[in-house]
Amino acid sequence: MKLSRRGFGGAAAGCAAFAACPARAQAPADWPNRSLRLLIPFPPGGATDLLARVLADRLGSRLGQAVVAENRGGAAGVIAAELATRAEPDGYSLFFGSIGTAAINAHLHAKLSYRPEDLLPVILFADLPNVLVVRRDSPIRSLAGLLDAARARPGS
């Protein structure tokens, strides 16, 4: 897991440059004058939740306002993304998106209840590499080997 210092610095420095908020949001000059809501699209305890809570804590300290981390897990992030796209575009409801909520869900669901283009990404906060692993004693040694094994035994 790699936390982007430059990303966080830029996030905390500007008015609307810190997560993703509804597109075309216009923050008032005295923003923020109340607490902010950070929607997390996955349940507590995972990498996304941990990173979002780090952001909420540090951003709250920088802004002088509470940033309330709110987990709205379910449906591969669709629930939180829908809430984010329907929130008032005032800069007080933020969304800690992921590649799933920003791009993949649109290809997995025939009818998505939100439009990813209605979210305006304003910072890359972290890169989370993913790794595909097998047991050490497995005969599979590559992705090609895994795919061959899967094709040889469909449905198992």
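Above this note sits the structure.
This structure is a prediction, so every number in the text was calculated from the model and none was measured.

1. Digging into the overall build of the protein
When helices and strands are counted, the protein shows five helices and seven strands. Along the chain direction, N to C, the helices and strands of the protein fall in the order β-α-β-β-α-β-α-β-α-β-β-α. With 156 residues in all, the protein has 34% of them scored as buried. Long-range contacts, defined here as pairs at least 24 residues apart, represent 78% of the contacts in the protein between residues at least 6 apart.

2. Observations concerning helix 2 (residues 47-63)
The end-to-end C-alpha distance of helix 2 is 24 Å, a good match for the 24 Å that 17 residues give at a rise of 1.5 Å each. Backbone geometry just downstream of helix 2 places Gly64 in the positive-phi region, at approximately 75 degrees.

3. Considering the nonpolar core
The nonpolar side chains of a soluble globular protein tend to be buried with one another. Formed by 15 residues in total, the largest nonpolar core has its most connected members in Leu36, Leu38, Leu55, Val67, Phe96 and Phe125. If you list the elements that add at least two residues to this core, you get strand 3 (36-40) and helix 2. In terms of residue count, the dominant contributor to this core is helix 2 (five residues). Sequence-distant contacts of Val67, defined by excluding residues within four places in its chain, comprise Leu36, Leu38, Ala56, Leu59 and Gly60. Listed in part, the nine residues of the second largest apolar core include Ala84, Leu112, Tyr114 and Leu119.

4. Concerning the packing of aromatic side chains
Inspection of every chain in the model, using the stated rule, returns two aromatic pairs. Here Trp31 and Tyr92 contribute two aromatic rings whose centre-to-centre distance is 6.1 Å and whose plane-to-plane angle is 55 degrees, an arrangement assigned as tilted. Here the residue Trp31 occupies a position in the loop between strand 2 (20-22) and strand 3, and Tyr92 occupies one in the loop between helix 3 (78-86) and strand 5 (93-95), the gap between them amounting to 61 residues. Looking at Arg34, its charged tip hangs above the ring of Tyr92, at a distance of 3.8 Å from the centre.

5. Things to note about a nonpolar patch on the surface
Taken together, the side chains of Ile99, Ile104 and Leu108 define a hydrophobic patch exposed on the protein surface, amounting to about 320 Å² of accessible area. One can find Ile104 in helix 4 (residues 99-108). According to the relative accessible area criterion, Ile104 is partly exposed, its value standing at 40%.

6. With respect to the pairing of strand 3
The buried fraction of strand 3 amounts to four of the five residues, a majority that puts the element mostly inside the structure. For strand 3 and strand 4 (residues 67-71), the ladder comprises five bridges, and the chain directions are parallel. Residue Leu39 lies in a different strand from strand 4, and its bridge partner there is Glu70. Regarding the hand of the β-α-β motif, the stretch spanning strand 3, helix 2 and strand 4 is right-handed. Sheet topology note: the strand 3/strand 5 ladder contains three bridges and is parallel. Note that in strand 5 the partner of Arg37 across the bridge is Ser93.

7. Regarding the environment of Ala103
Residue placement: Ala103 occurs in helix 4. C-alpha of Ala103 to C-alpha of Pro116: the two residues are 13 residues apart in sequence and 7.0 Å apart in space.

Definitions and cut-offs
- Residues numbered from 1 in each chain as written.
- Predicted model: local features only at pLDDT ≥ 70, side-chain atom pairs only at ≥ 80, totals over all residues.
- Heavy atoms only, no water.
- Helix = DSSP H or I, 4+ residues; strand = E, 2+ residues; numbered from the N terminus.
- Buried < 20%, exposed > 50% of the residue type's maximum accessible area, 1.4 Å probe, protein only.
- Contact = heavy atoms within 4.5 Å.
- Expected span 1.5 Å × (residues − 1).
- Core = buried A, V, L, I, M, F, W, Y, C linked by side-chain atoms within 4.5 Å.
- Phe/Tyr/Trp six-rings, centres within 6.5 Å; stacked < 30°, edge-to-face > 60°.
- Lys NZ or Arg CZ within 6 Å of the ring centre and 35° of its normal.
- Patch = residues over 30% accessible without salt bridge, like charges linked within 9 Å, V, L, I, M, F, W, Y side chains within 5 Å.
- Areas by Shrake-Rupley, 256 points an atom, 1.4 Å probe, with all protein chains shown as cover.
- Salt bridge = Lys/Arg side-chain N within 4 Å of Asp/Glu carboxyl O.
- Pairing = 2+ DSSP bridges.
- Right-handed = clockwise from strand over helix to strand, strands pointing away.

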